Structure formats: C-alpha cells, structure tokens
Amino acid sequence: MVKYSKKVIKELNEIGFRDTFGREIINIGKTYPNTVVIAADLSDATRVTKFSEKFPYNFIQVGIAEQNMISIASGLSLNGKMCFCTTFASFASLRCCEQVRDDICYQNTNVKIIGIDSGVSTGYLGITHYGLEDIAIMRSFANLTIISPCDCLSFAKLLWEETKHNGPAYIRLSGGKNIPIIYEKDYKFKIGKSVTLKEGKDITIIATGLMVSKALDASSILRTRGIEARVIDMHTIKPLDFAAIKKAAGETNLIVTVEEHVLTGGLGSAVAEVIAELDTNSRLIRIGLPDKFISKFGSHELLLKRYGLTGNNIADSIIKNF
Amino acid sequence: MFVINKGLIKKIEEKARIIRKNAICLALKAGERGAHIGPALSIIDIVTALYMGVLKYDIRNPQWPDRDRFILSKGHAVLGLYPVLAEAGLLPFDLLKSFYSGETILSGHPVLNQEIGIEASTGSLGHGLSIGVGMALSAKMDNKNFRTFVLVGDGECNEGTIWEACMTASKYKLNNLIAIVDFNGLQADGFTKEVMNMIPLNDKWKSFGWCVEEVDGHSIEKLLAAFKKNKFVDKPSVIIAHTVKGKGVSFCENNKLYHHSRNFNLDLGILALKELGFSEKDIW
C-alpha cells in the first residue's frame with residue numbers, strides 16, 4: 001500500500017494529473033510485472049516516456065492509431081496483461097469508441113484508458129481537442145468503470161484502487177499544473193463511493209473532476225448568504241453512488257450538479273436519472289457546458305468563466321434558483 | 001516444398017465435408033431469420049485445416065496458456081467456425097444444436113468463450129487483427145511460443161484498422177502472427193473489384209512488411225504447407241487464400257445473395273446436402 005505524505009500530496013498537485021500519472025505508472029509497473037503501457041504518439045504528453053525507458057518490453061508504441069491501440073490492449077489483456085492506454089480524452093472516447101465498446105467493455109478485459117485533458121482544458125487548441133462528450137459516451141457502456149478525480153491525490157489513490165479491479169476503466173483527467181488541493185491528507189478512496197467534503201442541510205452540490213474545487217468555492221460564497229451547501233466529490237461516475245444521491249434528495253431540497261462536460265449525458269444526466277425514479281421533492285439544477293460548439297477560444301480559466309464554471313457563477317446560479 | 005501426409009489430407013477433407021453439412025444444418029436452423037452461409041462455406045477448408053492439422057490445443061484444458069490462438073475476425077462467417085469447434089471436440093454438439101433455438105449462447109457472431117474455443121468477440125469488421133497483434137505481443141513478452149492466427153475477409157481489408165494492425169505487427173516483427181485473407185472476391189454489396197478494389201492485395205501486405213504467400217484456399221494440402229512454411233520467417237505472415245464464396249454448393253458459389261441469405265429453406269438445404277454427398281436424413 002502506497003502512503004502519501006503531505007509533502008508528496010503537495011508535489012503531486014503541483015505537477016498536475018499528467019505528471020502524477022507518469023510517476024505512479026512506474027510504481028505500478030514495479031508492483032505488477034504484467035503492466036503494459038500503450039501509447040499512440042502521445043507518450044510525452046501522457047508522460048509515459050520514463051515508463052518506456054524503464055520497462056521497454058512492457059511498452060508498445062502504435063503511432064497515431066488509437067483504434068488499433070485499444071484492440072491490441074484487449075488482445076494483451078486476454079493473455080493476462082493489465083494494459084494502460086493513454087491518449088487525449090477526446091480521442092479515447094470518440095476515435096476508438098467502438099473498440100472501447102466491443103473489445104474492452106464487451107470482452108470485459110483488464111484495460112485502463114487514461115484520457116488526459118478532458119473538458120475544455122486544452123483551451124486555445126479548440127474543439128477537436130476538447131473532451132466534451134466522453135462521460136456521456138463511456139457511461140453507456142456496460143462493464144466500464146469511469147473515474148473522474150478532482151485532484152492528484154485522489155487520482156493516484158483511485159488509480160491504485162483500479163489496479164485491483166480486473167476489468168475495464170476509463171480515467172478522465174484534466175490538464176495543467178498546480179491543481180487545487182482538495183485532499184490535504186491521505187484518504188482511503190473506494191471506487192463507486194463518493195466523498196462528502198462538506199456537510200450542509202440546505203442544498204447539495206455534486207461535482208466531479210476539477211469542478212469539485214469550484215463547488216467548494218461556491219459553497220463558501222453561499223455560506224456568507226446563509227445557505228448551507230453539502231459538497232460531494234463524485235469521483236466515480238460509474239458505478240454511480242446511488243446511496244449518496246438518494247440521501248441528498250431526502251435531506252436537501254435542491255441538488256446541483258457541476259461538471260466540465262456537456263449537459264447531455266454527463267454527471268448531471270446520471271444524477272437526474274436517479275432522482276427521476278425517487279419519490280422526492282428535491283429539485284435538480286445541472287451546471288455544465290452548453291449544447292453547442294463554441295466559436296471563440298481562450299485559456300482554460302477564461303473558458304470556464306465564460307461558461308459559468310467558477311465558484312461565483314455557480315453560487316449565482318444557485319441563489320437564483322434557491 | 002513441405003511434404004504433407006496424404007492420409008492427413010484425406011482425413012481433413014472428409015472432416016471439411018462433414019463440417020459443410022453441419023454449417024448447412026445451422027443455416028436451416030436460422031431459416032428466414034438469415035444466415036451468412038456463403039462466407040462460411042468460403043472459409044471452412046481454411047478453418048478445418050487449422051483445427052485438424054495445425055493448431056495446438058487441448059480439449060481437456062481449453063484455456064491451456066500455451067495453446068495457439070485463432071480469431072475469426074470476419075465474425076459473420078461464424079457458421080464456418082462453430083461446426084469446426086464441435087468437430088474438434090471443443091464445442092459440445094448439443095450446444096451446436098441450440099443455435100437460433102430459444103435461448104442460446106451461440107450468437108450469429110462469435111462471443112469470447114475460451115471454454116469452447118472462442119478467443120475473441122468479433123462481428124464489427126477490422127478488430128480481430130489488432131486483437132491478434134495484442135495476443136502475439138503478449139507471447140513475445142512472456143517468451144511463449146504459441147502462434148496467433150487471424151482470419152480476415154478481403155472485403156474486411158477495406159477497414160483502415162487492418163492496416164494499422166499491419167504496421168504494428170511489422171514494427172514488432174511478430175513472426176508468431178499469421179493472418180489469413182479469405183480472398184473470395186465478393187462482399188455484401190457485390191464484387192470487391194467493383195465495391196472497393198484491393199488489388200494488388202499481395203503487394204499491399206508486402207509493402208507493409210509482411211511475408212506473403214498465395215494459395216488455393218480450398219486445397220488442404222497447400223494450406224497445410226503454407227502454415228508449415230511460415231514457421232520459419234522473421235516477420236508476420238499473411239496467407240492470401242484464394243477462395244470461392246459459397247464453395248461446395250453450386251447455387252451459393254459466387255452468388256452475393258448467399259452472403260446473408262434469408263431464403264435458405266429446406267428444399268435448398270436438401271439440394272445443398274446432396275451436392276455434398278449427404279441426404280435429407282442427415283439434417284439435424
């Protein structure tokens with residue numbers, strides 16, 4: 001069991017999700033000799049170059065061929081390997097969608113897909129590089145676990161948890177360095193079990209990925225307005241933590257979901273599906289990216305601001321609907 | 001030239017005849033719900049030659065880690081796989097009879113089930129060769145000497161992923177990977193020359209760094225010789241097997257109507273069985 005000191009937690013969040021992966025995958029390779037990493041010409045971007053140097057026989061470079069990467073991983077896994085396929089979230093979910101469904105999920109193979117730079121984190125790179133619909137697509141596949149960590153400790157810990165699961169997973173990461181620290185101390189994460197970061201009796205904000213930090217910001221603003229917001233880190237999108245949603249619907253009158261993903265089919269939709277089947281008066285507001293292709297580009301922070309994904313914007317939307 | 005035991009050839013030819021009969025019986029079970037009988041008849045000699053004369057496997061231990069792997073990438077030709085697995089002793093005959101009858105685990109495309117010899121779920125074209133690359137890579141990583149065989153269609157070679165897999169196999173010198181192209185010249189919409197001409201197919205594979213052999217895909221002797229020969233190369237091998245879609249049943253041969261036929265009724269079934277040297281009483 002890997003332990004994380006406060007110092008390490010700080011370091012991981014400073015280096016960001018990509019480098020945290022690059023660091024952890026080497027330890028995973030040391031722990032599990034059956035680890036294989038596959039790259040599709042993004043080994044530097046996904047920080048697996050060091051792994052490839054350390055474990056040259058456990059590293060496959062397929063070039064710019066994501067579909068091939070996924071199917072090869074399924075073949076390796078059918079013969080006992082634990083494979084990590086690394087690429088952008090957009091390519092992982094769109095380019096090789098059918099390979100993910102047929103070869104990874106349907107065959108229930110031990111393949112973990114690491115999707116870097118989800119949401120709009122690639123900023124100026126534009127729509128083709130945004131992971132906007134990945135949750136919606138991946139969520140519809142049976143057998144697939146979907147993890148969307150909010151900071152680098154939760155990512156590292158959930159990644160290790162995932163190595164104990166002999167099956168397919170999609171791990172949705174974001175870009176950049178200096179990730180806001182949500183977990184200051186080591187924590188025992190469990191796949192499928194959300195974490196209530198803040199208690200609150202009035203409303204519940206359920207967030208995933210980097211939006212957890214924004215949800216915490218919003219809850220602080222709301223507190224000054226006398227609204228007590230519960231904040232839930234929904235780090236696993238599938239299997240979804242039904243119990244936490246049910247509890248929130250029973251105890252708070254308003255549930256707000258926040259995600260860096262289009263509103264169609266994402267976390268908000270998943271929560272809506274649960275609430276719709278409950279006998280509850282609790283209402284739902286979904287906050288996320290709009291159902292359109294944006295035409296003006298900017299930095300990640302600027303885009304989040306433009307689309308209402310900041311603590312202030314989220315608090316405003318909640319106050320309007322409270 | 002590799003000399004192949006004549007007795008073995010005769011034995012496999014007779015098995016292939018029985019397997020064709022059983023494929024016809026399966027098509028009759030599907031009836032008007034439709035069956036890919038043409039593609040099955042096209043591949044039966046290849047698959048029979050593999051299971052009766054080439055592949056290493058243990059019917060008492062179907063998951064034996066050192067077994068050779070066979071992937072039917074053109075999964076729609078499954079009628080040319082199930083009866084071979086049954087004849088090989090991997091798939092129980094009673095299970096074969098459940099095809100298209102009530103609830104069954106035998107679908108119209110193969111579903112991963114190592115217990116009965118099915119190594120991968122296929123159906124959507126262009127996946128199997130990449131899966132095979134993964135299996136061949138794992139053998140190299142683990143210093144195992146089993147071989148991986150993947151049967152693809154000539155129409156299937158339209159898929160870009162076939163060529164992605166080709167590049168990877170070549171880069172990693174996967175001489176433990178053997179692709180077989182069922183080169184029957186017909187695909188769902190018609191003749192491959194018209195739908196999407198892949199000729200010169202030989203040169204395409206060669207230029208991707210593969211060792212290419214062209215054989216008569218209905219000659220057990222030539223198929224066995226080709227499978228033996230490619231044990232001694234340092235790169236992946238492809239056997240372009242010249243076949244006839246619907247082989248063995250005259251009205252199915254080279255007839256695109258039998259790619260997926262919904263009119264394979266009892267009368268046609270009896271006619272087909274007669275051509276194969278069987279009669280109505282052989283239908284199960």
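Residues numbered from 1 in each chain as written. Chains lettered and ligands numbered in written order. Predicted model: local features only at pLDDT ≥ 70, side-chain atom pairs only at ≥ 80, totals over all residues.

1. What to know about the overall build of chain A
Then, number 1: Counting its secondary structure elements, chain A contains 12 helices and 12 strands.
Then, number 2: Reported as C-alpha extents along the three principal axes, the dimensions of chain A are approximately 60 × 40 × 40 Å.
Then, number 3: Each of the 322 residues in chain A was classed as buried or not, and the buried ones make up 52%.
Then, number 4: In chain A, the proportion of contacts linking residues at least 24 apart, taken out of those at least 6 apart, comes to 79%. (Helix = DSSP H or I, 4+ residues; strand = E, 2+ residues; numbered from the N terminus. Buried ≥ 20, exposed ≤ 12 C-beta atoms within 10 Å, placed from the backbone. Contact = placed C-beta atoms within 7 Å.)

2. Some details on the overall build of chain B
Then, number 1: Scanning chain B from N- to C-terminus turns up 10 helices and 7 strands.
Then, number 2: Its C-alpha atoms give chain B a radius of gyration of 18 Å, within 12% of the compact-globule value 19 Å for 284 residues.
Then, number 3: Expressed as lengths along the three principal axes of its C-alpha atoms, the size of chain B is roughly 50 × 45 × 40 Å.
Then, number 4: Expressed as a percentage of its 284 residues, the buried residues of chain B come to 52%.
Then, number 5: A separation threshold of at least 6 residues defines the contact pool for chain B, and within that pool the share at least 24 residues apart is 77%. (Rg over C-alpha atoms; globule rule 2.2 N^0.38 Å.)

3. Regarding the interface of chain A and chain B
A common way to express how large an interface is: the accessible area buried when the components associate.
Then, number 1: Contacts between the two partners involve 23 residues from chain A and, on the opposite side, 19 residues from chain B.
Then, number 2: Of all the elements, helix H3 (residues 66-78) of chain A adds the most residues to the side of chain A that touches chain B, at 9 residues.

4. Quick look at helix H6 (residues 160-171) of chain B
Then, number 1: Counted at 1.5 Å a residue, the expected span for H6 of chain B with its 12 residues is 16 Å, and the 17 Å between its end C-alpha atoms agrees.
Then, number 2: Those residues of H6 of chain B that sit buried are Thr161, Ile162, Glu164, Ala165, Cys166, Thr168 and Ala169 of chain B.
Then, number 3: Tucked into the core, H6 of chain B has its buried residues touching H3 of chain A together with helix H5 (128-141), strand S2 (148-153), strand S3 (177-183) and helix H8 (201-207) of chain B.
Then, number 4: Two residues or fewer past H6 of chain B, Lys173 of chain B is found with a positive phi of approximately 50°. (Expected span 1.5 Å × (residues − 1).)

5. Quick notes on the confidence of the model for chain B
Then, number 1: Here chain B averages 96 in pLDDT, and 99% of its residues register 70 or above.
Then, number 2: Interface confidence for the predicted complex, given as ipTM, is 0.95, next to a pTM of 0.96. (pLDDT = per-residue confidence, 0-100.)

6. As for the pairing of strand S6 (residues 169-172) of chain A
Residue and element names in this part refer to chain A.
Then, number 1: Of the two faces of S6, the one holding Ala169 and Ile171 and the one holding Tyr170 and Arg172 are both buried throughout.
Then, number 2: In this structure, strand S4 (residues 111-116) lies alongside S6, joined through 4 bridges in parallel fashion. Residue pairing for S6: Ile113 is matched across the bridge by Tyr170.
Then, number 3: With 3 bridges joining them, strand S5 (residues 145-147) and S6 adopt parallel strand pairing. Looking at the pairing, Ile146 lines up with Tyr170 of S6.
Then, number 4: Running through helix H7 (residues 152-163), the crossover from S5 to the neighbouring parallel element S6 is right-handed. (Pairing = 2+ DSSP bridges. Right-handed = clockwise from strand over helix to strand, strands pointing away.)

7. Quick word on the environment of Gly123 of chain A
Residue and element names in this part refer to chain A.
Then, number 1: Mapped onto the elements, Gly123 comes out in the loop between S4 and helix H6 (134-139).
Then, number 2: We classify Gly123 as partly exposed; it has 19 C-beta atoms within 10 Å.
Then, number 3: Sequence-wise, Gly123 and Val262 are 139 residues apart; in three dimensions their C-alpha atoms are separated by 15 Å.
Then, number 4: Excluding residues that lie within four positions of it along the chain, Gly123 makes contacts with Phe297, Gly298, Ser299, His300 and Leu303.

8. Details of the nonpolar core
What tends to happen in soluble globular proteins is that the nonpolar side chains get buried as a cluster.
Then, number 1: Residues Ile38 of chain A together with Tyr82 of chain B are the most contacted members of the largest nonpolar core, which totals 183 residues.
Then, number 2: Both of domain 1 (6-172) and domain 2 (195-321) of chain A provide at least three residues apiece to this core. (Core = buried A, V, L, I, M, F, W, Y, C linked by C-beta atoms within 7 Å. Domains from an automatic or database assignment.)

9. Quick look at the sheet that holds strand S11 (residues 254-262) of chain A
Sheet strands pair via backbone hydrogen bonds, and the direction of the pair is either parallel or antiparallel.
All names here are of chain A.
Then, number 1: Taking strand neighbours across the sheet as the criterion, the 5 strands line up as S7-S9-S8-S11-S12 in an open arrangement whose pairing is mixed. Both edges of this open sheet fall to strand S7 (195-198) and strand S12 (283-289), since each of them pairs with a single strand only. For this sheet, the mean angle separating the axes of adjacent strands, direction not counted, is 25°.
Then, number 2: In terms of strand pairing, strand S8 (residues 203-207) meets S11 through 5 bridges, oriented parallel. (Axes fitted to C-alpha atoms, helices over the stretch in contact; angles between N-to-C directions.)

10. Some points on the sheet that holds S3 of chain B
Residue and element names in this part refer to chain B.
Then, number 1: Judged by pairing direction, the sheet is parallel, and its 5 strands sit side by side in the order S1-S2-S3-S7-S6 without closing on themselves. Whereas interior strands pair on both sides, the edge strands pair on one side only; in this sheet they are strand S1 (69-72) and strand S6 (211-216). This sheet shows a mean twist of 20° between the axes of neighbouring strands, independent of strand direction.
Then, number 2: Pairing of S2 with S3, which is carried by 6 bridges, proceeds in the parallel orientation. Bridge pairing in S3 links Gly153 to Asp182.

11. Digging into the packing of H3 of chain A against H5 of chain B
Then, number 1: In contact at an axis separation of 6 Å, H3 of chain A and H5 of chain B are set at 45° when each is read in the N-to-C sense. With respect to each other, H3 of chain A and H5 of chain B are oriented oblique. The element H3 of chain A and its partner H5 of chain B pack so that their crossing is right-handed. On H5 of chain B, the residues that touch Asn68, Ser71, Ile72, Ala73, Ser74, Gly75, Leu76 and Leu78 of chain A of H3 of chain A are Ser130, Ile131, Gly132, Val133, Gly134, Met135, Leu137 and Ser138 of chain B.
Then, number 2: For the contact of H3 of chain A with H5 of chain B, the class distribution of residues is 8 nonpolar, 8 polar and no charged. (Parallel < 35°, antiparallel > 145°, perpendicular 65-115°, else oblique. Left-handed = near helix turned anticlockwise from the far one by under 90°. Nonpolar A, V, L, I, M, F, W, Y, C, P; charged D, E, K, R; others polar.)

12. Some remarks on unusual backbone geometry
Then, number 1: Looking along the chain, the bond that leaves Lys238 of chain A and enters Pro239 of chain A is cis, with omega of -5°.
Then, number 2: Following the sequence through the fold, Pro239 of chain A ends up in the loop between strand S10 (236-238) and helix H9 (242-251).
Then, number 3: In the segment running from Ile199 of chain B into Pro200 of chain B, the intervening peptide bond is cis, with an omega of 10°.
Then, number 4: Its location among the elements puts Pro200 of chain B in the loop between helix H7 (192-195) and H8.
Then, number 5: Located in the positive-phi region is Asn178 of chain A, a residue other than glycine, with phi close to 50°.
Then, number 6: Turning to its location among the elements, Asn178 of chain A is positioned in the loop between S6 and S7.

13. Re the domain arrangement of chain A
All names here are of chain A.
Then, number 1: Domain parsing of chain A yields domain 1 (6-172) and domain 2 (195-321).
Then, number 2: Between domain 1 and domain 2, the contact holds 23 residues from the first and 25 residues from the second.
Then, number 3: Residue assignment for the side of domain 1 that touches domain 2 shows that the elements contributing at least two residues are H6, S5 and H7.
Then, number 4: When its residues are assigned to classes, the side of domain 1 that touches domain 2 shows 12 nonpolar, 8 polar and 3 charged.

14. Re the packing of helix H1 (residues 6-31) of chain A against H7 of chain A
Residue and element names in this part refer to chain A.
Then, number 1: At a closest axis distance of 8 Å, the pairing of H1 and H7 adopts a crossing angle of 20°. In terms of orientation, H1 lies roughly parallel with respect to H7. Crossing of H1 against H7: the hand is right-handed. Contacts between H1 and H7 pair Ile9, Leu12, Asn13, Gly16, Phe17, Thr20, Glu24 and Ile28 from the former with Cys152, Leu153, Phe155, Ala156, Leu159 and Thr163 from the latter.
Then, number 2: The class makeup of the residues in the contact of H1 with H7 is 9 nonpolar, 4 polar and 1 charged.

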